[in-house]
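# Breakdown of the fold
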Amino acid sequence: MTNRRWVPEWWSRSSVTVRDLPLALLLLAMSFVPTFQSHGTQLGGLPHRAFDALAVVAVALQCLPLAGRRRWPLGCLALASAGFAVDQLLGYHSLGGTGFAILLLSAGAHLGHHRRTTAIALTAAYLPLVAALVLLGGTEKPDGYVTFYLASALVWAIGTWLRGTRAAEADRRRRVAEETRAAERARIARELHDVVAHHVTAMVMQAEAARYLTDAPDRVDAALSSVTDSGRRAITDLRHLLQMINPDHGTGTAAPLSALVEQTRQAGQPVDFTENGTPAASTGDVDLVVYRVVQESLTNALKYAHGSRTSVRVDHGETEVTVRISTDGSGARAGFPVGSGRGLAGLRERVDVLGGEFSASPRTDGGFVVHARVPAGISS
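Conventions used here
- Residues numbered from 1 in each chain as written.
- Predicted model: local features only at pLDDT ≥ 70, side-chain atom pairs only at ≥ 80, totals over all residues.
- Heavy atoms only, no water.
- Helix = DSSP H or I, 4+ residues; strand = E, 2+ residues; numbered from the N terminus.
- Contact = heavy atoms within 4.5 Å.
- Areas by Shrake-Rupley, 256 points an atom, 1.4 Å probe, with all protein chains shown as cover.
- Salt bridge = Lys/Arg side-chain N within 4 Å of Asp/Glu carboxyl O.
- Buried < 20%, exposed > 50% of the residue type's maximum accessible area, 1.4 Å probe, protein only.
- Core = buried A, V, L, I, M, F, W, Y, C linked by side-chain atoms within 4.5 Å.
- pLDDT = per-residue confidence, 0-100.
- Phe/Tyr/Trp six-rings, centres within 6.5 Å; stacked < 30°, edge-to-face > 60°.

Along its length, the protein carries 11 helices and 5 strands. By sequence separation, contacts in the protein at least 24 residues apart represent 74% of the contacts at least 6 residues apart. Of the roughly 20800 Å² of accessible surface on the protein, a fraction of 61% belongs to carbon and sulfur atoms.

And the structure:
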């Protein structure tokens, strides 16, 4: 079993020259089979000639370059062209002439530079060959020479088309790879935004509150402990994010929503939390999306409506999870700059990917409400 696997693996790792060599050797051997002699390409109408030492050279020049047709397309085509000219001028008409056609196709497909110059040079070389065949008494009519030239041009054009198709496919794969990398970078950026923004905001608010508690050492200690706890949670979430980036990470679960709510309360934001129903087992991305929706909403409440009462309601149903976060408009801004909206846009993208619905809009009384509906039972 090991030997059977070794052969295809070795073959796939071999250079293109090694992989093309069998075709060259096969055509070379078939060209010397008596049944196939003088039954190859016939141009010019010269009488057939029996194989001799020079025939070996002509056949070898047309067949052996097939091994290097993808690595050295121009040089191999030049050798095959010379061999083809000798083959036709001396009347061998060997099967090796097929090698010239294959190399012409390969040159059209794999030649990267001097393509126009090569086409012009082949055309220019064809005219002396026709003249020599006519002087040697060839019986080919003019339309035969024209037909051969047009057939050769068609073979070259097919090779050119193959090259264009391959280039287009490579360009498509490159674009897909770039789009995939961009999407992955955007996903990581959203995760970092969600993790860092919430925890840092909470730590800033807790540290700010500690400045006004200098007369109450016990409360200062509690406030600083809250800052420490927030830092530890940030490290835990960042570690979880790094595990997600790792291709070998397992299915992760978000931290409990109750811990997130408690952290926000410690930062000075009154939060009413209600969770109804039982989360579905193995919901994967659904848990994380619900967690991020609540996290981003509470972060925005801390930043732009500090001190306002905020309510968080999460309802776990059989087919969907509904999240509603509502913040009163009576609080004060905490000195943070106006946001770019990237956080809410990221939440919308997360929910849309899972086939849910997301909305975020101001209330008539000046508050703000975020609503999300996420289909349950979806795993990452």
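Read on for the rest.
In the structure shown here, the tally under the stated rule is 12 salt bridges. The salt bridge involving Asp315 is made with Arg313; its shortest N-O contact spans 3.1 Å. By relative accessible area, Asp315 is classed as partly exposed at 24%. Salt bridges here are not isolated pairs; linked through shared partners, they connect Asp20, Arg69 and Arg70.

So, about the environment of Pro142. Note that Pro142 resides in helix α7 (residues 142-210). Classification of Pro142 by relative accessible area gives exposed; the value is 63%. Along the primary structure Pro142 and Val130 are separated by 12 residues, whereas in three dimensions their C-alpha atoms are 9.4 Å apart.

In this structure, Leu43, Leu77 and Tyr126 are the most contacted members of the largest nonpolar core, which totals 26 residues. The set of elements that each furnish at least two residues to this core consists of α2 (16-31), α3 (53-63), α4 (73-89), α5 (97-110), α6 (115-135) and α7. If near-sequence neighbours (up to four positions away) are discounted, Tyr126 is found in contact with Leu43, Tyr145, Phe148 and Tyr149. One finds Tyr291, Val293, Leu298 and Val351 within the second-largest nonpolar core, a separate group that totals 24 residues.

The next thing to look at is the confidence of the model for the protein. Within the protein, residue pLDDT values average 80, and 76% of them lie at 70 or more. Across the protein, α4 holds the top mean pLDDT of 93, while helix α1 (residues 2-13) sits lowest at 65. A low-confidence stretch, residues 247-252 stays under pLDDT 50, and its non-local contacts, those more than four residues away or across chains, total 5 contacts. Here residues 334-338 is a poorly scored stretch, pLDDT under 50, and it has 12 contacts once near neighbours within four places are set aside; other chains count.

We now examine the packing of aromatic side chains. If you walk through the whole model with that rule in mind, you get 6 aromatic pairs. Taken together, a centroid distance of 4.8 Å and an interplanar angle of 15 degrees make the contact between Phe84 and Phe100 stacked. Of this pair, Phe84 sits in helix α4 while Phe100 is found in helix α5, placing the two residues 16 residues apart along the sequence. The residues Phe84 and Phe100 share a single accessibility class, namely buried. Consider the rings of Tyr126 and Phe148, whose centres lie 5.9 Å apart with planes at 20 degrees: the pair is stacked. Of this pair, Tyr126 sits in helix α6 while Phe148 sits in helix α7, placing them 22 residues apart in sequence. In terms of burial, Tyr126 and Phe148 fall into one category: buried. Members of the aromatic cluster, connected to one another through ring pairs, are Phe84, Phe100, Tyr126, Phe148 and Tyr149.

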